[in-house]
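Structure assessment
Below, each chain spelled out in residue letters.
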Protein chains: 2
Amino acid sequence: MTEQAPTKVDMEKIVSLCQRRGFIFPSSEIYGGLSSCWDYGPLGVELKRNIKQAWWQAEVQERDDMVGLDASILMHPQTWEASGHLKGFSDPLVECKSCHLRWRADELAGSSCPSCSGELTEPRLFNLMFKTFMGPIEEEASVVYLRPETAQGMFVNFQNVLDTTRKRLPFGIAQIGKAFRNEITTGNFIFRSREFEQMEIEFFVKPGSDKEWFDYWLEERFNWYVKLGIKKGNLKLRQHMKRELAHYAKDCYDIEYLFPMGWAELEGIANRGDFDLVQHAKYSGKSLTYFDEETKEHVIPYIIEPSAGVDRSALAFLCDAYDEDIAEGELRVLLHLHPTLAPIKAAVLPLSRRDKLVALAKQIYTDLRQCWMVSYDDAQSIGRRYRRQDEIGTPFCITVDFQSLEDEQVTIRERDSMNQIRLPISALKTTLQAKLEGEDLFVLPPGGKIWKEGE
Amino acid sequence: MTEQAPTKVDMEKIVSLCQRRGFIFPSSEIYGGLSSCWDYGPLGVELKRNIKQAWWQAEVQERDDMVGLDASILMHPQTWEASGHLKGFSDPLVECKSCHLRWRADELAGSSCPSCSGELTEPRLFNLMFKTFMGPIEEEASVVYLRPETAQGMFVNFQNVLDTTRKRLPFGIAQIGKAFRNEITTGNFIFRSREFEQMEIEFFVKPGSDKEWFDYWLEERFNWYVKLGIKKGNLKLRQHMKRELAHYAKDCYDIEYLFPMGWAELEGIANRGDFDLVQHAKYSGKSLTYFDEETKEHVIPYIIEPSAGVDRSALAFLCDAYDEDIAEGELRVLLHLHPTLAPIKAAVLPLSRRDKLVALAKQIYTDLRQCWMVSYDDAQSIGRRYRRQDEIGTPFCITVDFQSLEDEQVTIRERDSMNQIRLPISALKTTLQAKLEGEDLFVLPPGGKIWKEGE
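This is a predicted model, so every value here is computed, not measured. (Residues numbered from 1 in each chain as written. Chains lettered and ligands numbered in written order. Predicted model: local features only at pLDDT ≥ 70, side-chain atom pairs only at ≥ 80, totals over all residues. Heavy atoms only, no water.)

**Structural notes on the overall build of chain A**
Of regular secondary structure, chain A possesses 13 helices and 26 strands. Within the span of chain A, comprising 455 residues, buried residues form 58% of the whole. Nonlocal contacts in chain A, meaning residues at least 24 apart in sequence, comprise 65% of its contacts between residues at least 6 apart. Surface exposure of chain A reaches about 18,600 Å², of which carbon and sulfur atoms provide 50%. Averaging the positions of the 56 positive and the 70 negative side-chain charges in chain A gives two centres separated by 2 Å. (Helix = DSSP H or I, 4+ residues; strand = E, 2+ residues; numbered from the N terminus. Buried < 20%, exposed > 50% of the residue type's maximum accessible area, 1.4 Å probe, protein only. Contact = heavy atoms within 4.5 Å. Areas by Shrake-Rupley, 256 points an atom, 1.4 Å probe, with all protein chains shown as cover. Lys, Arg positive; Asp, Glu negative; His and termini not counted. Charge placed at Lys NZ, Arg CZ, Asp CG, Glu CD.)

This is the structure in structure tokens:
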């Protein structure tokens, strides 16, 4: 039986679980870590892959009006002149004249150094783009930047996509990839890091229809998180105030999530107007217009941009899934991850290490691995093994016992309810398939029964 | 009917097809491109995703002895001291004293500038790592590098993986990700670029078993390419000569592919011995050993490293698939891509744009998109539409005609043979599924018939 424990999720528990079970490690940890960069371990990489795949499936594969793209991280420097990043993408910094520590001017309450109370310099703008040097010598001519957003790769390829896909407005370009920002203030685990991964859509529409499409994308993207299991009450839309709006934006909403440190941006959805195509046309000298067959006019499309973070999504899914209850009289930590996102879909657990049982269990395990990430665990008691799978969000445990050798049936146990059913091995694959795709978990086979773990 | 055309693949045709159909564009093309960086367009990104997914499925999901990882691109600088990259990862460069062009000393035949015949300087070592600056000011203390290989992310996480997964030797860590090398000599399209993507395995084994595992991985990786359709005759293994071996390698083979420009490395498989773990233990002061339960001894595992390039694989798969024949009296360009790799799995082609036909075709199209990347094409003659799909490697075309409205059947046409069968719409999904997974393409339903396109 399960009861609700009074404890709540906090960031420390999430970080600890991530490190302990191999979701996320500090980057280069054996060298003391690299400030605000993170490595995804064996479970984390599967979670991240599942998030990215769910996004690609929903926004590219299943849509008639979207195509994918994968642009390089290093782009021609003129891209950043046109986009405004070289001039505008800066934070005002001050330096302490005594201890030489640097601070963000807009985040300081007083006029003296928070560390030593020393006198501060005048604010100086500090560009957030990482720069590097391409070619044999470090000279100004060869300075290139790591992209601070994937978006620009889609703008500069607008004409290429138009020419090769014959898409008509409205249509979008979608991209998943790394971006880099030399942030002064980082933190909250993987929430704000210097290297991060984005899932961005640039959706091109006829001017005048932009308000309608903006509303459409707010709803579509909000619902994407809900469909994948985020509780509605932990999500909200927040419109940017005029003074918050980026230089390119006509309007912008954040989808915010109630992280352990409070409400914060999960995804930004902006109406960028025609800013980007106008700028790139101006700086490149190329025409970046769309010929409207109906009106026989060339138009500059408006752009709606839903821009999501893979890392922030991962953090939100982990926090939202985190739960503790009392099972079998002990504290149980579990992740209620949506089956689509769970790193491991099922675990095969032989009741003992006797040869015959192991042979059958391994055969089931090997067979299921053709379809999904599946794990095998034969160490310690069955209860401890269930707990280990609960803690990493595995939706189903498959127990192989001595009776399985007789009746060719196994027990499937469901993570959240701890309910169990017994099922022919021959029906295992199709049943798991259906249940992972959301079918009622305990549709019973004829003559089957349901009971709780521990009963 | 098809006949073999006498023409052969050359790089120019591949580049042209890639640009024309949206596989690969020069990066930031509207700004004149960025030297040897490339953007994957709508079809290219799907090809690349399919290659990476096939690799992950074979080497991680289906294996009991492998776990995944996704380490950050920016790593602690000491990583590169330990690995030897800061000292050793350099090319000798000379500069022309007249025209100031730079050349790789080891690639020059003579002692004068190939461009202006001027006098050359002494060779100078030039580090191939891209450097950048993390934090508010560009000072030596904050220099970090873009990783030149994903491998080091796996070495520095060896202990973390061991602690969190309880894996026993032999086991591997697999990773897919971007790497960057400031190459002096680039070229041959996406074969050698400054930004590229790797699929690397670091396989940890007991010392003494390394030779056996090295041989295993040579075979396993060679066969992976063959299973995905590369002709055996276009692949060969080439052992590195002693003087070619990298400083860390005990032995190394390249899997070479016969690219249009000749035999060149597709994947390198190295026996790295204990070099990496010894070095990182030394530089980090951490113990990076494995406790062998059988012998009760701490051992330093040896590492076998199969290191493949995503971009090179994409180029090899494209070149190997490229073909020309004569169909219906005209030149037909086609890509014999393996169904697993084909960017688009099927195209739905309504025979006319009449409402009723379009409604049925769109319904089929929408239904299939839930499972696969599928395209819809209603422009021009059916023959031209087949040619467009052949050219991008789509294995199946589904034609919806007026009879489909009566008998609820459609025609499936296969790319390579141009054979066609007629099939109930209700059987379409399961039939496509089976055929995409390799079932004999033309197992006929009862009463079905086969005929050739154009017959």
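**Description of the relation of the copies chain B and chain A**
The transform that puts chain B on chain A rotates by 180° and translates by 0.0 Å along the axis, for an RMSD of 0.1 Å. Both copies are brought into coincidence by an operation consistent with a two-fold rotation axis. Among all C-alpha atoms of chain B, that of T132 of chain B lies closest to the rotation axis, at 2.5 Å. Residue by residue, 100% of the interface of chain B is reproduced at the interface of chain A, so both copies engage with the same surface. (Least-squares fit on C-alpha atoms with pLDDT ≥ 70 in both.)

**A few points about the packing of aromatic side chains**
Tallying each qualifying case throughout the model produces 35 aromatic pairs over all chains. Taking the centre distance of 4.8 Å and the plane angle of 45° together, the rings of F203 of chain B and W213 of chain B count as tilted. Here the residue F203 of chain B occupies a position in strand β12 (residues 195-205), and W213 of chain B occupies one in helix α7 (residues 210-227), the gap between them amounting to ten residues. Of the residues examined, F203 of chain B reaches a relative accessible area of 0% and is grouped as buried. With a relative accessible area of 17%, W213 of chain B lands in the buried category. Centroid distance F214 of chain B to Y253 of chain B: 5.8 Å. Interplanar angle 50°. Geometry classified as tilted. Residue F214 of chain B is located in helix α7, and its partner Y253 of chain B is located in strand β14 (residues 251-259); the two are separated by 39 residues in the primary sequence. Grouped by ring-pair contacts, the aromatic residues F203, W213, Y216 and W217 of chain A constitute a single cluster. It is K48 of chain A that lies over the ring of Y40 of chain A; its NZ or CZ is 4.2 Å from the centre. Cation over ring: R312 of chain B sits above F191 of chain B, and NZ or CZ is 3.8 Å from the ring centre. (Phe/Tyr/Trp six-rings, centres within 6.5 Å; stacked < 30°, edge-to-face > 60°. Lys NZ or Arg CZ within 6 Å of the ring centre and 35° of its normal.)

**A closer look at the sheet that holds strand β8 (residues 124-127) of chain A**
Each strand in a sheet pairs with another by means of backbone hydrogen bonds, the pair being arranged parallel or else antiparallel. Residue and element names in this part refer to chain A. With antiparallel pairing, the three strands of this open sheet are ordered in space as β7-β6-β8. In the strand order of this sheet, the two ends are held by β7 (102-104) and β8, each with one partner. Across the sheet, the mean angle from the axis of one strand to that of its neighbour is 50°, orientation sign disregarded. Here three bridges tie strand β6 (residues 90-95) to β7, and the two strands are oriented antiparallel to one another. Its bridge partner lying in β7, L93 is registered against R104. (Pairing = 2+ DSSP bridges. Axes fitted to C-alpha atoms, helices over the stretch in contact; angles between N-to-C directions.)

**Details of helix α10 (residues 355-369) of chain B**
All names here are of chain B. When the terminal C-alpha atoms of α10 are compared, their 21 Å separation across 15 residues agrees well with the 21 Å that a helix rising 1.5 Å per residue should span. Along α10, the residues that are buried comprise L357, L360, A361, I364, Y365, L368 and R369. For α10, the buried positions fall inside an angular range of 165° around the axis, keeping them on one side. Away from the buried face of α10 by more than 90 degrees, exposed residues D355, K356 and Q363 are located. (Expected span 1.5 Å × (residues − 1). Arc of directions from axis to C-beta.)

**Looking at the domain arrangement of chain A**
By convention, interface size is frequently given as the accessible area that disappears when the constituent parts associate. All names here are of chain A. The domain architecture assigned to chain A consists of domain 1 (11-73 + 150-318) and domain 2 (344-452). Each of domain 1 and domain 2 has a C-alpha centre, and the two are 37 Å apart. Tallying the contact residues gives seven residues for domain 1 and six residues for domain 2. Note on domain 1 versus domain 2: buried area summed over both sides is about 570 Å², and carbon and sulfur give 53% of it. The three residues of domain 1 that bury the most area against domain 2 are R21, L43 and E46, which together make up 63% of that side's buried surface. At the boundary of domain 1 and domain 2, one finds two salt bridges. At the boundary of domain 1 and domain 2, one finds three residue pairs in polar contact (both at pLDDT 80 or more). Listed by contribution, the elements that provide at least two residues to the side of domain 1 that touches domain 2 are α1 (11-21) and α2 (42-61). The residue inventory of the side of domain 1 that touches domain 2, partitioned by class, reads three nonpolar, one polar and three charged. (Domains from an automatic or database assignment. Buried area = accessible area lost by both parts, 1.4 Å probe. Salt bridge = Lys/Arg side-chain N within 4 Å of Asp/Glu carboxyl O. Polar contact = N/O pair within 3.5 Å; in protein donor to acceptor, adjacent residues only side chain to side chain. Nonpolar A, V, L, I, M, F, W, Y, C, P; charged D, E, K, R; others polar.)

**A closer look at the sheet that holds strand β13 (residues 235-239) of chain A**
All names here are of chain A. Across the sheet, seven strands lie side by side as β4-β11-β12-β18-β15-β14-β13; this open sheet has mixed pairing. The outermost strands of the open sheet, each flanked by one partner alone, are β4 (66-69) and β13. Between one strand and the next, the sheet's axes are offset by a mean angle of 25°, whatever the strand orientation. Bridging between β13 and strand β14 (residues 251-259) involves five bridges; their strand directions are antiparallel. What sits directly across from R238, in β14, is D254. Along the sheet face, helix α6 (residues 158-165) touches β4, β11 (171-180) and β12 (195-205) and points at about 135° away from the line of β11.

**Things to note about the interface of chain B and chain A**
Listed by partner, the interface residues are 89 residues for chain B and 89 residues for chain A. Where chain B abuts chain A, roughly 7,200 Å² becomes buried across the two surfaces, and 55% of that area is made up of carbon and sulfur atoms. Linking chain B to chain A there are six salt bridges. Measuring nitrogen to oxygen at the nearest pair gives 2.8 Å for the salt bridge that ties K48 of chain A to D70 of chain B. The interface formed by chain B and chain A includes 46 residue pairs in polar contact (both at pLDDT 80 or more). A per-element tally of the side of chain B that touches chain A places helix α2 (residues 42-61) of chain B first, with ten residues. Looking at the side of chain B that touches chain A residue by residue, the class counts come to 39 nonpolar, 25 polar and 25 charged.

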